[in-house]
Amino acid sequence: MTPKVVLVTGVSRFLGGHLAARFAANPDIERVLGVDTEPPPRDLLRRMGRAEFVRADIRNPLISKVISTANVDTVVHASVTASPAGPTGRTVMKEMNVIGTMQLLAACQKSPKVQKLVVKSTSAVYGSSSRDPAVFTEDMGPKDLPSSGYAKDAVEVEGYVRGFGRRRPDVNVTTLRFTNFIGPRIDTVLTRYFALPVVPTVLGYDARVQLLHSEDALAVLERATLHDLPGVFNVGGDGVLLLSQAIRRAGRLNLPVPSAAVPTVGGFFRSARLVDFSPDQMRFLNWGRVVDTTLLKKDFGFTPRWTTQQAFDDYVSGRGLKPLIDPETVEAAERGILDAAARFR
């Protein structure tokens, strides 16, 4: 089904706003509505072109009126976020993520015109623990269920989405479990973390990190909207980086911190408004997380343009971080070490 009237949530942020801009540039889509509680930055609003900004709170049942009045046939729920704002940010974040999703799905359920739902979820639903498999496939659950924060929100959101799918089997539902975003233009907890001059890590741990370029994320969301591709899909770039490798590639200094001191260090960075680490993000920095993307390539029909390493290097160069150590030199040294290690096996 080619969408005619598309509603995108979360347009004041990078993904939602740029996605609305892509739809507005598509002549096959008759109308694009961008919903958020606050308007996008001026330059993003300009990029959105003919897309109509609707100042609305998806936690309010009035979102149902917006969907029915505009005859929306496709909803892209891109507002689920891991970034709290302000001192009460985490409470508001949970309300927007969970209560907002409930109200949005209720509105979709009531409207017979809605035929497609695309949900931006996260690979954080798999959690992070010492018992994790080497890679997570879509049919796996977390070894330790997330108990708080963004990961728990995402688990609840996906539960409500599955319930909606059962109640409205006529609607095409696509759930996209994204790995962490990286890129020169997007602002996330991770992009701020790697921009710190001294990067705290957990002593004795070196997490495997799988990343996705923000432009690939936009392309996946666009494809899910323009084509009928129901199901749940892991979305991540090929390959992984160890946390220590990523820090070196960014030219930052690694500061290993004993586990007992991690909350104190996290509190310092939060109070200095540098990076706001939630408990589930701290677990991610301990254990990392890698997902299998076979379904993305075979069934969904998309292969990310950037690998994890290429996406990270584009972030470093695009942000002008000016690495103290040239990444090519780092790569050559790492390759030499691995070759030497292989000879001693």
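Residues numbered from 1 in each chain as written. Predicted model: local features only at pLDDT ≥ 70, side-chain atom pairs only at ≥ 80, totals over all residues. Heavy atoms only, no water.

Engineer: Which parts of the structure should I look at to understand the overall build of the protein?
Structural biologist: The number of helices and strands found in the protein is 13 helices and 14 strands. Counting the 345 residues in the protein, one finds 52% classified as buried. Within the protein, contacts between residues at least 6 apart in sequence are counted, and of these 81% link residues at least 24 apart. Carbon and sulfur atoms make up 56% of the accessible area of the protein, which amounts to about 15,500 Å² in all. (Helix = DSSP H or I, 4+ residues; strand = E, 2+ residues; numbered from the N terminus. Buried < 20%, exposed > 50% of the residue type's maximum accessible area, 1.4 Å probe, protein only. Contact = heavy atoms within 4.5 Å. Areas by Shrake-Rupley, 256 points an atom, 1.4 Å probe, with all protein chains shown as cover.)

Engineer: Even after reading the chapter, I still don't get the nonpolar core, so can you show me in this structure?
Structural biologist: Note on soluble globular proteins: their nonpolar side chains tend to be buried together. In this structure, Leu176, Phe178 and Phe300 are the most contacted members of the largest nonpolar core, which totals 33 residues. Counting residues per element, this core draws most heavily on helix α1 (residues 14-24), which supplies seven residues. For leucine 176, the contacting residues outside a window of four places in its chain are Val118, Val119, Lys120, Ser121, Thr122, Val220, Leu221, Ala224, Phe233, Val235 and Phe300. (Core = buried A, V, L, I, M, F, W, Y, C linked by side-chain atoms within 4.5 Å.)

Engineer: In this structure, what is going on with the sheet that holds strand β9 (residues 208-209)? I would like to understand it.
Structural biologist: Neighbouring strands of a sheet are bound in pairs by backbone hydrogen bonds; such pairs are parallel or else antiparallel. Across the sheet, three strands lie side by side as β12-β9-β14; this open sheet has mixed pairing. With partners counted over all chains shown, the strands left at the sheet margins are β12 (241-242) and β14 (288-289), one partner each. Relative to β12, β9 is paired through two bridges, and the arrangement is antiparallel. Opposite arginine 208, over in β12, you have leucine 242 as the bridge partner. (Pairing = 2+ DSSP bridges.)

Engineer: Got a minute to help me understand the sheet that holds strand β3 (residues 52-55) in this structure?
Structural biologist: Read across the open sheet, the seven strands follow the order β3-β2-β1-β4-β5-β6-β11; overall the sheet is parallel. Two strands close off the open sheet at either side, each with one partner strand: β3 and β11 (231-235). Pairs of neighbouring strands in the sheet enclose a mean axial angle of 20 degrees, with direction left out of account. Across four bridges, the pairing between strand β2 (residues 31-36) and β3 is parallel. Considered in β3, the bridge of aspartate 36 is made with arginine 55. (Axes fitted to C-alpha atoms, helices over the stretch in contact; angles between N-to-C directions.)

Engineer: Would you mind going over the pairing of strand β4 (residues 74-77) with me for this structure?
Structural biologist: Regular strands place their side chains on alternate faces of the sheet. The two faces of β4 match: Thr74 and Val76 on one face and Val75 and His77 on the other face are all buried. Where strand β1 (residues 5-9) and β4 come together, three bridges link them in parallel fashion. By the bridge assignment for β4, valine 6 is matched with threonine 74. Note: β4 against strand β5 (residues 116-122), four bridges, orientation parallel. Paired with histidine 77 across the two strands is valine 119, which belongs to β5.

Engineer: I tried to follow helix α5 (residues 149-167) on my own but got confused; where do I start?
Structural biologist: Turn by turn, an α-helix covers 3.6 residues, leaving residues three or four places apart pointing in a common direction. Taking 1.5 Å per residue, 19 residues should reach 27 Å; α5 reaches 28 Å between its end C-alpha atoms and fits that length. If you check which residues of α5 are buried, you get Tyr150, Ala151, Asp153, Ala154, Val157, Glu158, Val161, Gly163 and Phe164. (Expected span 1.5 Å × (residues − 1).)

Engineer: What should I look at first to understand the packing of aromatic side chains in this one?
Structural biologist: For any two aromatic rings, the description comes down to two numbers: the centre-to-centre distance and the angle of the planes. In the structure shown here, the tally under the stated rule is seven aromatic pairs. Their ring planes at 55 degrees and their centres at 5.2 Å tell us that phenylalanine 178 and phenylalanine 181 sit as a pair that is tilted. By relative accessible area, phenylalanine 178 is classed as buried at 1%. Summarising the aromatic geometry, the rings of phenylalanine 194 and phenylalanine 312 are spaced 5.0 Å apart at their centres and angled 85 degrees between planes, so their arrangement reads as edge-to-face. Placement of phenylalanine 194 in helix α6 (residues 189-195) and of phenylalanine 312 in helix α12 (residues 308-318) is noted, with a sequence separation of 118 residues between them. (Phe/Tyr/Trp six-rings, centres within 6.5 Å; stacked < 30°, edge-to-face > 60°.)

Engineer: Explain a nonpolar patch on the surface here, please?
Structural biologist: Where nonpolar side chains cluster on the molecular surface, the patch consists of Ile99, Met102 and Tyr160 and spans about 240 Å² of accessible area. Mapped onto the fold, isoleucine 99 is located in helix α4 (residues 89-110). Taking relative accessible area as the criterion, isoleucine 99 reaches 38% and is therefore assigned partly exposed. (Patch = residues over 30% accessible without salt bridge, like charges linked within 9 Å, V, L, I, M, F, W, Y side chains within 5 Å. Salt bridge = Lys/Arg side-chain N within 4 Å of Asp/Glu carboxyl O.)

Engineer: How should empty space enclosed by the protein be read in this particular structure?
Structural biologist: Gaps left between atoms are located by rolling a probe of water-molecule size over the structure's atoms. Summed over the entire model, instances satisfying the criterion amount to three cavities of 30 Å³ or more. There is about 50 Å³ of room inside the second largest cavity. Contributing to the lining of the second largest cavity are Thr9, Gly10, Val35, Asp36, Thr37, Ala56, Ile58, Ser79 and Met96. (1 Å grid on protein atoms, 1.4 Å probe; cavity = no way out; pocket = protein on both sides within 12 Å on 5 of 7 lines; lining within 4 Å. Points joined across faces, edges and corners; volume = space filled by probe spheres on them.)

Engineer: When you look at the side chain of aspartate 153 in this model, what are you seeing that I'm missing?
Structural biologist: As for its position among the elements, aspartate 153 is in helix α5. Judged by relative accessible area, aspartate 153 falls into the buried class, the value being 2%. Among all residues touching aspartate 153, those that are not within four sequence positions of it are Met93, Lys94, Asn97 and Val98.

Engineer: Sorry if this is basic, but what is going on with unusual backbone geometry here?
Structural biologist: Most peptide bonds adopt trans geometry, and most residues besides glycine take a negative phi value. Even without glycine at this site, asparagine 71 takes up a positive phi of about 55 degrees. One can find asparagine 71 in the loop between α3 (63-69) and β4.

Engineer: Before we go on, may I ask you to explain the environment of glycine 239 in this structure?
Structural biologist: Mapped onto the elements of the fold, glycine 239 is located in the loop between β11 and β12. For glycine 239, a relative accessible area of 46% translates into the label partly exposed. Between the C-alpha atom of glycine 239 and that of leucine 211, which follows or precedes it by 28 residues, the distance is 8.6 Å. Residues contacting glycine 239, with those up to four places away along its chain left out, are Gln210 and Thr308.

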